[in-house]
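Notes for the structure review
One-letter residues, chain by chain:
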Amino acid sequence: MIPATFEYTKATSVEDAIAAMADGTAKILAGGHSLLPAMKLRLNMAGKLVDISKIEALKGVRLENGEIVIGAATTHAAISENHLVKEHLSFFAEGAHHIGDVQVRNHGTIGGSLAHADPSADWPALVLAADASIEVQGASGKRKIPAADFFQGLFTTALAEDEIITAIRVPVPAAGSKSAYLKFVQPASRFAIVGCAIMKLASGGIRIAFTGVSDTPFRDAAAETAYNKVGIEDACNAAAEHVTIMGDHYASENYRKHLAKLYLRKALEAVN
């Protein structure tokens, strides 16, 4: 299909992008792999596209004050190949490497994926398990949103209408921490029918997050508690028991719950 008519502007800075969004009709264009297909189907009717793909301040990975800081316009491919990510957040590198296909990885961005908040995307589970913060900026200034508060429903986030994601900040895990991300893949889109991200802390705690299971990615507190008290078997039994499970032509509710428990087991075995 053909999208509805829209204006196009290329922003030269974050401030320029925010100013271009002032009329309330604009959408941010980074890699475009989520937004443009939705516009072609007229599921998204943007009056203006604000292209941020050339803003260098939104790109790259750096170490800053005990955090790995990933610019919102950094591509999946760049993240998967970055030495800081490989050293400190190996499950980010692994997850990024298995997003979509080569074209998607080379053009799609982490900020665009998080802002779109597809319930089967990979990044939401990863940032939840990493206890990341989403750094955003709008007309009223900058703020940080904990990943646990960012995802609010189906394709819904805590972003205000005039805000854009500028960076993802991840605390550097202590030496000895382990991580894993595993997913049951929808073969055409490469989205996760079920994806499970785990960060096992050197201190003994664990963070467990799922994508693809419910209409909102989530930390599974019940599974975390069960693992810390008893172990793998009880954690798997507790997984996905306190959320509304999605069902569609790819997987029924019962099958998705089964996959959540199975992939949690696989992920736990990978870090033990």
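One can find the structure itself at the top, above this paragraph.
A quick note: this is a predicted structure, and the numbers were derived from the prediction, not measured.

What to know about the overall build of the protein
Helix and strand content of the protein: twelve helices and 14 strands. Taking 2.2 N^0.38 as the reference for a compact globule, 272 residues should give roughly 19 Å; the C-alpha atoms of the protein span a radius of gyration of 18 Å, in line with that estimate. When the 272 residues of the protein are sorted by exposure, 51% land in the buried category. Of the contacts formed within the protein by residues at least 6 apart in sequence, a portion of 59% connects residues at least 24 apart. If you sum the accessible surface of the protein, you get close to 12300 Å²; carbon and sulfur atoms cover 51% of it. Taking the 26 positively charged and 29 negatively charged side chains of the protein as two groups, their mean positions are separated by 4 Å.

Quick word on the pairing of strand S5 (residues 67-71)
Burial analysis of S5 places five of its five residues in the buried class, the great majority of the element. Neither face of S5 is open: one carries Glu67, Val69 and Gly71, the other Ile68 and Ile70, and all of them are buried. As paired elements, strand S4 (residues 61-64) and S5 share four bridges and run antiparallel to each other. Residue Leu63 lies in a different strand from S5, and its bridge partner there is Ile68. Connecting the antiparallel pair S4 and S5 is a turn made up of two residues, with Asn65 showing a positive phi of about 50°. Note: S5 against strand S10 (residues 164-171), five bridges, orientation antiparallel. Looking across to S10, one finds that Val69 is bridged to Arg169.

A short note on the nonpolar core
Ranked by internal contacts, the top residues of the largest apolar core, which has 39 residues, are Phe91, Phe92, Leu114, Trp123 and Ile168. No other element matches the six residues that helix H8 (residues 123-129) contributes to this core. Not counting chain neighbours up to four residues away, the residues in contact with Trp123 comprise His76, Ile79, Phe92, Ala96, Ile99, Ile110, Ser113 and Leu114. Counting 25 residues, the second-largest nonpolar core is a separate cluster that includes Ile198, Phe210, Val213 and Ala239.

Focus on the packing of aromatic side chains
On inspection of all chains with the given rule, the structure shows six aromatic pairs. Residues Phe184 and Tyr263 carry aromatic rings whose centres are separated by 6.1 Å and whose planes lie at 65° to one another, so their mutual orientation is edge-to-face. Of this pair, Phe184 sits in strand S11 (residues 178-185) while Tyr263 sits in helix H12 (residues 253-271), placing them 79 residues apart in sequence. Three or more aromatic residues joined by ring pairs form one cluster here, namely Phe91, Phe92 and Trp123.

A closer look at the environment of Lys10
Mapped onto the secondary structure, Lys10 falls in strand S1 (residues 7-10). Residue class for Lys10 comes out partly exposed when judged on its relative accessible area of 42%. For the pair Lys10 and Leu29, spaced 19 residues apart in sequence, the C-alpha separation works out to 9.1 Å. Ignoring any residue separated from it by four or fewer positions in sequence, one finds Lys10 in contact with Asp16, Asp51 and Lys54.

Calculation criteria
- Residues numbered from 1 in each chain as written.
- Predicted model: local features only at pLDDT ≥ 70, side-chain atom pairs only at ≥ 80, totals over all residues.
- Heavy atoms only, no water.
- Helix = DSSP H or I, 4+ residues; strand = E, 2+ residues; numbered from the N terminus.
- Rg over C-alpha atoms; globule rule 2.2 N^0.38 Å.
- Buried < 20%, exposed > 50% of the residue type's maximum accessible area, 1.4 Å probe, protein only.
- Contact = heavy atoms within 4.5 Å.
- Areas by Shrake-Rupley, 256 points an atom, 1.4 Å probe, with all protein chains shown as cover.
- Lys, Arg positive; Asp, Glu negative; His and termini not counted.
- Charge placed at Lys NZ, Arg CZ, Asp CG, Glu CD.
- Pairing = 2+ DSSP bridges.
- Core = buried A, V, L, I, M, F, W, Y, C linked by side-chain atoms within 4.5 Å.
- Phe/Tyr/Trp six-rings, centres within 6.5 Å; stacked < 30°, edge-to-face > 60°.

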